[in-house]
Amino acid sequence: MISKILVTTDGSKTALKAATKAIGLAKQLHASIIIMCVVDKRFMVSRTVLIKPSSRYVTESIEDYQQESAERYTRELKKLCGKKGVSSRTVIKQGHPVEEIAKEAEKSKAGLIVMGSHGQSALAAAALGSVTYGVIHKDTKIPILVVKK
């Protein structure tokens, strides 16, 4: 029986669709949800980003921006879980998404991983590094449910 479901988010509509499916499944199974977002720092190019158009240039570090975004994404899903009566907790990690997702699934003893897929072609996924593809082909015994956009 599945008692914990790990759902990943990157703030996209596809991730929200996957989370909605995971929450519905968790409600039916009386399972809890682990909401996970991974801040991927591997491809940092710049140290600052303009946070909103204004007459003054206000910048913040990319790291702070990504952390705040991850907190916002997970907070929104936690709120959705609460509305549906599903218990949840959030996890934000920094590192390589494929590795961190696999590690957290094992550590938390998740019975299922639910992820969204943006539907890239195999060539685009290979070139860009699809996280969903990577988790599917990672050496884990945990079943994975992929929700397509």
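All residue numbers refer to positions counted from 1 along the written sequence of the respective chain. The predicted nature of this model means local features are confined to residues of pLDDT at least 70 and side-chain atom pairs, given and counted, to a pLDDT of 80 or more, with totals for whole chains, interfaces and linings taken over all residues. The side-chain values count all of the structure's non-hydrogen atoms but skip hydrogen atoms and water molecules.

Colleague: When you look at the pattern of salt bridges in this model, what are you seeing that I'm missing?
Modeller: Any two side chains of opposite charge can pair if their charged atoms end up close together. Every case where a carboxyl oxygen of Asp or Glu lies within 4 Å of a side-chain nitrogen of Lys or Arg is listed as a salt bridge. Taken as a whole, this structure holds three salt bridges when the rule is applied. Salt-bridge contacts for Lys103 lead to Glu100; the nearest nitrogen and oxygen are separated by 3.4 Å. On the criterion of helical spacing, the pair formed by Lys103 and Glu100 is a turn pair, its members being three residues apart in helix H3 (residues 97-107). Numbering of helices and strands runs from the N terminus, with a helix taken as a DSSP run of H or I at least four residues long and a strand as a DSSP run of E at least two residues long.

Colleague: Before we go on, may I ask you to explain helix H1 (residues 13-29) in this structure?
Modeller: Working note: α-helix, 3.6 residues per turn, so residues spaced by three or four point in the same direction. The end-to-end C-alpha distance of H1, which contains 17 residues, comes to 24 Å, matching closely the 24 Å that a straight helix rising 1.5 Å per residue would cover. Think of it in three bands: with a 1.4 Å probe and only protein chains considered, a residue is buried below 20% of the maximum accessible area for its type, exposed above 50%, and partly exposed in between. Along H1, the residues classified as buried are Thr14, Ala15, Ala18, Ala19, Ala22, Ile23 and Ala26. Looking at the buried side of H1, the elements it contacts are strand S1 (4-8), strand S2 (32-39), helix H2 (62-84), strand S6 (112-117) and strand S7 (144-148). Two residues or fewer past H1, His30 is found with a positive phi of approximately 55°. In a helix, the anticipated span is given by 1.5 Å times the number of residues less one. Should any heavy atoms of two residues lie within 4.5 Å, those residues are considered in contact.

Colleague: I'm lost on the packing of H1 against H2 in this one. Help?
Modeller: Angle between the axes and distance between the axes are the two parameters that describe a pair of packed helices. Axes here refer to lines fitted to C-alpha atoms; in helices the fit is confined to the stretch in contact. Angles between the N-to-C directions go from 0 to 180 degrees. It is at 10 Å that the axes of H1 and H2 come closest, and there the two elements cross at 30°. The element H1 and its partner H2 pack so that their crossing is right-handed. Facing H1, whose interface residues are Leu16, Ala19, Thr20, Ile23 and Lys27, H2 presents Leu77, Leu80, Cys81 and Lys84. Polar here means any residue other than Ala, Val, Leu, Ile, Met, Phe, Trp, Tyr, Cys and Pro, which are nonpolar, and Asp, Glu, Lys and Arg, which are charged; Gly is therefore polar. Within the contact of H1 with H2, the residues separate by chemical class into six nonpolar, one polar and two charged. Two helices that cross are described as forming a left-handed crossing if the nearer one is turned anticlockwise from the farther one by less than a right angle, and a right-handed crossing if clockwise.

Colleague: Is there a simple way to explain the nonpolar core in this structure?
Modeller: Counting 16 residues, the largest nonpolar core has Ile5, Val7, Ile33 and Val114 as its most contacted members. With five residues, the top contributor of residues to this core is H1. The contact partners of Val114, leaving out residues within four places of it in the chain, are Ile5, Leu6, Val7, Thr8, Ala18, Ala22, Leu145 and Val147. Judged by nonpolar contacts, the second largest core, of 13 residues, contains Val38, Met115, Val135 and Ile142. Only buried residues count toward a nonpolar core. Its members are Ala, Val, Leu, Ile, Met, Phe, Trp, Tyr and Cys residues joined through side-chain atoms within 4.5 Å.

Function cannot be read off these values alone, since they describe shape.
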